[in-house]
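Below are the chains, spelled out letter by letter.
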Amino acid sequence: MNELISIVVPVYNGETYLTKCLDSLKKQSYKNLEIIIVNDGSVDNSELICKKYCENDSRFKYIFQKNSGVSSARNNGIKNANGLYIGFVDSDDWIEH
């Protein structure tokens, strides 16, 4: 299998755990990933963290939206996804290798 998989990461003030989350996605053995980070109006350093990953890895996409809730952020991610499959990872979670 080499299909594109989209992973949507809704973020709201997640700076405490966000780096661990995004690192875990970056280090996956399956490389044909599109990681869509949807910032739901964070007022902490989440935006800076997200943009750093987007600058250093083309698999990461960044979307900012006015605070509308996690469901809205997930739906926005789905609208922007290009993968055959779509998954979700919360910004305070991580995926084992």
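Residues numbered from 1 in each chain as written. Predicted model: local features only at pLDDT ≥ 70, side-chain atom pairs only at ≥ 80, totals over all residues. Heavy atoms only, no water.

Asker: Residues and numbers for helix H2 (residues 46–56), please.
Answerer: Inspection of H2 places Ser46, Ile49, Cys50 and Tyr53 among the buried residues, and these make up the whole buried set. End-on view of H2: buried residues confined to an arc of 95 degrees, all on one side of the axis. The exposed set on the far side of H2, more than 90 degrees from its buried face, consists of Leu48, Glu55 and Asn56. Against strand E1 (5–11), helix H1 (15–26), strand E2 (33–39) and strand E3 (60–64) lie the buried residues of H2. (Buried < 20%, exposed > 50% of the residue type's maximum accessible area, 1.4 Å probe, protein only. Helix = DSSP H or I, 4+ residues; strand = E, 2+ residues; numbered from the N terminus. Arc of directions from axis to C-beta. Contact = heavy atoms within 4.5 Å.)

Asker: Explain the packing of H1 against H2 to me, and be specific about the residues and the numbers.
Answerer: Packing of H1 against H2 brings their axes to within 9 Å, and their N-to-C directions diverge by 15 degrees. Classified by the interaxial angle, the pair formed by H1 and H2 is roughly parallel. As for how H1 packs across H2, the hand of that crossing is right-handed. Contact with H1, carried on its side by Glu15, Leu18, Thr19, Leu22, Asp23 and Lys26, involves Ser46, Ile49, Cys50 and Tyr53 of H2 and no other residues of that element. (Axes fitted to C-alpha atoms, helices over the stretch in contact; angles between N-to-C directions. Parallel < 35°, antiparallel > 145°, perpendicular 65-115°, else oblique. Left-handed = near helix turned anticlockwise from the far one by under 90°.)

Asker: Let's hear about H1: which residues, and what values?
Answerer: For H1, with 12 residues, the first-to-last C-alpha span of 17 Å sits near the 16 Å given by 1.5 Å per residue. Those residues of H1 lying buried are Leu18, Cys21, Leu22, Ser24 and Leu25. The buried residues of H1 occupy an angular sector of 155 degrees when the element is viewed end-on, so they sit on one face. For H1, the secondary structure elements touched by its buried residues are E1, E2, H2 and E3. (Expected span 1.5 Å × (residues − 1).)

Asker: Residue-level account of the nonpolar core, with values.
Answerer: Counting 16 residues, the largest nonpolar core has Ile7, Val9, Leu22, Leu25, Ile35 and Ile37 as its most contacted members. Elements that contribute at least two residues to this core include exactly E1, H1, E2 and H2. Among all residues touching isoleucine 7, those that are not within four sequence positions of it are Leu25, Leu33, Glu34, Ile35, Ile36, Gly87 and Val89. Grouped together as the second largest cluster of nonpolar side chains are 6 residues, Val8, Ile63, Ala73 and Ala81 included. (Core = buried A, V, L, I, M, F, W, Y, C linked by side-chain atoms within 4.5 Å.)

Asker: Tell me what's going on with the side chain of arginine 59, and back it up with residues and numbers.
Answerer: With respect to the helices and strands, arginine 59 occurs in the loop between H2 and E3. When its relative accessible area of 15% is taken as the criterion, arginine 59 is described as buried. Engagement of the side chain of arginine 59 in a polar contact is seen with the side chain of aspartate 57, the distance being 2.8 Å. Apart from the residues lying within four places of it in its own chain, the contact partners of arginine 59 are Lys26, Tyr30, Lys31, Leu33, Glu34 and Ile35. (Polar contact = N/O pair within 3.5 Å; in protein donor to acceptor, adjacent residues only side chain to side chain.)

Asker: Quick rundown of the sheet that holds E1? Include the residues and the values.
Answerer: One open sheet accounts for 4 strands, arranged E3-E2-E1-E4; its pairing is parallel. A strand with exactly one partner marks an edge of an open sheet, and here the two such strands are E3 and strand E4 (85–88). Pairs of neighbouring strands in the sheet enclose a mean axial angle of 20 degrees, with direction left out of account. Sheet topology note: the E1/E2 ladder contains 7 bridges and is parallel. Bridged to serine 6 within E2 is glutamate 34. Here helix H3 (residues 70–79) sits on the sheet and contacts E1, E2, E3 and E4; the angle it forms with E1, its principal contact strand, is near 150 degrees. (Pairing = 2+ DSSP bridges.)

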